[in-house]
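Report on the structure
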Amino acid sequence: MGGELVDWGGHTPTGAVPTVEGEAYDPVAAEWHTLPPSPIGNRYNASSVSAGGSLLVWGGVTPDGKMRADGDTFNIASGTWSPISDAPLSARDPAAAVWTGSEMIVWGRTFGKARLDGAAYDPSSDTWRMIAPAPFKINEATSVWTGSEMIVYGANLNGRNIADTRYAHGEAYDPSSDSWRAIGPFHLSPGSVAAAGTGEEMIAYDSPPLRSGSYDPATDSWTRLPDLPLARRKCHTYAGMAGDIVLAWYCGQAATFDPRASTWLAVRWPSSARYVTSLGQVSAGRVYAVMIAHDATNGSVKGLWAYKP
């Protein structure tokens, strides 16, 4: 975002109190600096996207446990926040959010009762538009922008984290035609799956058994990739891009995928970064992933981590 990597919001190590804190990392100076508090206050599970030199945040959950339908824009150059106009959506913690180059699309709802509706926000005019409803619900989702479509991939889980489908599945939204399509099937676990977009394809993997595959939206087809070279455990999956490299973080372990070589490589990770509440969703060139790590004994914050390939 404007050459800096930004981490904002979240909650305390116990998950009890949402935070308003935010930090930005300058990869050139190798320095962190604190963002001013957002006027919308403490949030977790808010959607956030990088929009050129701005960070757009919307929705999420407040300290009183209520979901909200408001948002803010942070301008990295001026270091100031400004409000986003009222959205045509109900209050929620969106399941998917992407930046298309001109609009922020937010869709669905995480956890609880899944939703099929979504909306697109244009910061140049400070206006919203409703988008067409999706063909099916996904509330445990990862979202990817391909350059022409938003792909939402994951599963719809009930209160016991049991999916209503045998495998993870996905759907793609085309803003130019305001239409959705279901993407081709692939056998990844619906319990926890993460994906990242390279600009040409989507790389996805599951937990467990750490299978992976690449999805080509041009042909609506999948290619089976090698399993991740990590120890199989049971925890949440994260994925993102550091330049042209896919970064996967899983149970205190990390691996990278080079699309040109079609191989995964295990990455040495700080031993103190075992417990993570967020994997940064904004990259700055070849720098990615703000890690909020917690001590295994008392839950105290150990540090913020930036990954450089």
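So, a few notes on the structure that sits alongside this text.

Reading the values: the criteria
Residues numbered from 1 in each chain as written. Predicted model: local features only at pLDDT ≥ 70, side-chain atom pairs only at ≥ 80, totals over all residues. Heavy atoms only, no water. Pairing = 2+ DSSP bridges. Helix = DSSP H or I, 4+ residues; strand = E, 2+ residues; numbered from the N terminus. Axes fitted to C-alpha atoms, helices over the stretch in contact; angles between N-to-C directions. Polar contact = N/O pair within 3.5 Å; in protein donor to acceptor, adjacent residues only side chain to side chain.

Notes on the sheet that holds strand β2 (residues 22–26)
Taken in spatial order, the 3 strands make up an open sheet running β1-β2-β3, and their pairing is antiparallel. Unpaired on one side and paired on the other, β1 (5–8) and β3 (31–34) mark the two borders of the sheet. Neighbour to neighbour, the strand axes of the sheet diverge by 20° on average, direction disregarded. Where β2 and β3 come together, 4 bridges link them in antiparallel fashion. Bridge assignment links Glu23 to a residue of β3, and that residue is Thr34.

Topic: the side chain of Arg43
Relative to the helices and strands, Arg43 is located in the loop between β3 and β4 (47–51). Polar side-chain contacts of Arg43 include one of 3.3 Å to the backbone oxygen of Ile40. Here the side chain of Arg43 touches Gly59 through a polar contact of 3.0 Å, landing on its backbone oxygen.

Observations concerning the sheet that holds strand β15 (residues 179–182)
In spatial order, the strands read β12-β13-β14-β15; together these 4 strands make up an open sheet with antiparallel pairing. Both edges of this open sheet fall to β12 (140–145) and β15, since each of them pairs with a single strand only. Between one strand axis and the next, the sheet turns through 20° on average, direction left out of account. Here strand β13 (residues 150–155) runs beside strand β14 (residues 169–174); their pairing, made up of 5 bridges, is antiparallel. The residue bridging Tyr153 from the neighbouring strand is Gly170, located in β14.

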